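# Structural characterization, general
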Amino acid sequence: MNTSAPLTVAVIGLGAVGSMAAWQLSKRENVRVIGLEQYGRVHSHGSYAGESRVFRSAYHEGGIYVPMLLESRELWRRLEQESGREIYYEVGCLSIAQEDRIEYRTTLETVHDYDLPHELLDTDELRERYPQHRIHDGDKGILDAFGGGLRPEVAVMSALRLAEEAGAELRFNTPVLAIEEEPGGVVVRTPQEALRVDRVVVASGSWSNRIRPELDELLRLQVLGLTWFMPERGIEPFLPERFPAFLRDVGPVHFFGAPSFDGYSIKACSNPTWPVARDVREVPTAYTREELVKIGQQAAEFFPGLNPEPVRSSVHHCAYTPNRMPVVDLNGSSRIAVVAGLSGHGFKFAPKLGELAAQLAADGSTEGVPEEFALAHHMRVLRERGAYTGGGH
Ligand SMILES: Cc1cc2nc3c(=O)[nH]c(=O)nc-3n(C[C@H](O)[C@H](O)[C@H](O)COP(=O)(O)OP(=O)(O)OC[C@H]3O[C@@H](n4cnc5c(N)ncnc54)[C@H](O)[C@@H]3O)c2cc1C
């Protein structure tokens with residue numbers, strides 16, 4: 001039996017990464033987990049909101065992510081098993097583009113480099129198998145067999161429940177105002193108290209720069225919206241059994257979405273080029289009418305059966321780094337672990353990031369974290385590049 005005092009770890013932010021970090025930390029012996037969330041349990045203000053997230057393993061963002069995605073796939077399955085909830089719908093993810101597109105070429109490269117299960121479809125095969133899509137002459141498809149949809153709110157809820165069942169203390173409606181290091185530990189200030197802990201995981205998404213000043217220069221918030229459309233006829237062709245998650249790249253338009261998980265509408269989205277923001281307060285709360293009309297026209301162009309008027313829309317935000325790689329690092333004293341800047345595509349690998357956050361905080365080790373995710377590396381990229389690119393999923 002272990003009789004030493006437990007290591008107390010505060011997890012700040014119980015969204016995508018924080019819920020997974022709390023789940024992973026709660027499995028460790030002799031670790032006391034205190035989770036702090038500014039809103040209630042599973043809310044609509046974070047970057048994980050919006051009913052579904054695309055999972056892909058064939059990754060146009062580059063091979064560096066693939067091992068992490070394959071491990072996340074295992075962890076999504078484990079979360080399902082432990083919670084008894086359905087979270088990961090492995091219905092495939094279909095990327096459609098002309099074959100000279102960089103996105104198409106890099107996706108194909110990762111498929112070959114990592115021997116990922118997939119199907120390649122030519123224009124005729126695409127037209128025959130997926131008449132829901134309007135296929136252009138010369139379009140090619142890559143069907144990523146591990147791809148599909150994740151249920152983000154169910155995932156966060158499940159991880160938090162499991163963490164609590166394993167002894168984690170979770171406090172909601174408790175914003176962290178400041179984190180201060182002192183000899184031998186860290187003080188976490190909330191409106192109610194000054195909490196003394198041994199280690200901290202900062203998993204506070206778009207709000208991270210408010211409590212970690214070193215992120216203020218690096219992170220920018222990108223505005224990302226979601227739109228849902230109804231088919232003019234029945235929903236059947238868009239149900240998960242017949243319609244995989246999808247990405248389409250045509251000219252400057254990046255269109256993405258998921259099958260109908262609610263049996264009512266389908267999520268099909270593209271993002272106007274909104275200016276980046278520094279603080280959540282600057283993020284618009286709704287689309288303009290012009291933006292919705294434009295996305296509706298794109299939806300009708302890509303899907304002949306969809307009614308171009310969205311039945312639902314919502315505007316969100318996500319913290320971005322200049323090269324869209326996440327920050328996964330420990331501060332100098334190794335007491336504060338930061339996982340931030342998931343740059344519009346990080347939900348799919350949140351369980352792996354949660355596992356890494358638990359390792360950083362509990363073991364003080366960065367082993368297995370790609371060097372590119374270190375804060376110092378990001379700052380070098382920022383100085384060289386100085387600009388932010390949009391995109392996501
Ligand atoms: C519209 C949209 C679509 C996306 N689509 C995809 C997709 O298809 N596939 C994919 O893989 N990724 C996608 N992403 C990206 C992914 O959802 C995000 O990268 C991910 O949710 C970020 O996780 P996070 O834990 O960093 O932040 P969040 O999930 O936002 O969690 C941060 C949490 O910290 C809390 N918090 C913040 N500050 C404090 C504080 N001071 N005190 C206490 N609590 C605090 C917040 O309230 C929040 O609950 C999308 C993002 C958006 C916005």
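Residues numbered from 1 in each chain as written. Predicted model: local features only at pLDDT ≥ 70, side-chain atom pairs only at ≥ 80, totals over all residues. Heavy atoms only, no water.

### So, the domain arrangement of the protein chain
Domains assigned within the protein chain are domain 1 (7-48 + 153-219 + 322-385) and domain 2 (53-150 + 220-320). A separation of 27 Å is found between the C-alpha centroids of domain 1 and domain 2. Listed per partner, the contact involves 41 residues of domain 1 and 34 residues of domain 2. When the two sides are added together, the surface that domain 1 and domain 2 hide from each other amounts to roughly 3300 Å², 61% of it contributed by carbon and sulfur. Put simply, domain 1 and domain 2 have four salt bridges between them. The shortest N-O distance in the salt bridge between D279 and R210 comes to 2.7 Å. (Domains from an automatic or database assignment. Contact = heavy atoms within 4.5 Å. Buried area = accessible area lost by both parts, 1.4 Å probe. Salt bridge = Lys/Arg side-chain N within 4 Å of Asp/Glu carboxyl O.)

### Some thoughts on the site of the ligand
By nearness alone, 34 residues border the ligand, and E37, H43, S47, V54 and K348 come closest of all. S47 places a polar main-chain atom, nitrogen or oxygen, 2.7 Å from an oxygen atom of the ligand. H345 is positioned with one of its backbone polar atoms (N or O) 3.0 Å from an oxygen atom of the ligand. Alone, the ligand offers 1000 Å² of accessible surface; in the complex the protein occludes 98% of this. Top element by residues in the shell around the ligand is strand β18 (residues 312-320). It accounts for three residues. Looking at the shell around the ligand residue by residue, the classes come out as 16 nonpolar, 15 polar and three charged. Summarising the domain contributions, the shell around the ligand has at least three residues from each of domain 1 (7-48 + 153-219 + 322-385) and domain 2 (53-150 + 220-320). (Near = heavy atom within 4 Å. Polar contact = N/O pair within 3.5 Å; in protein donor to acceptor, adjacent residues only side chain to side chain. Areas by Shrake-Rupley, 256 points an atom, 1.4 Å probe, with all protein chains shown as cover. Helix = DSSP H or I, 4+ residues; strand = E, 2+ residues; numbered from the N terminus. Nonpolar A, V, L, I, M, F, W, Y, C, P; charged D, E, K, R; others polar.)

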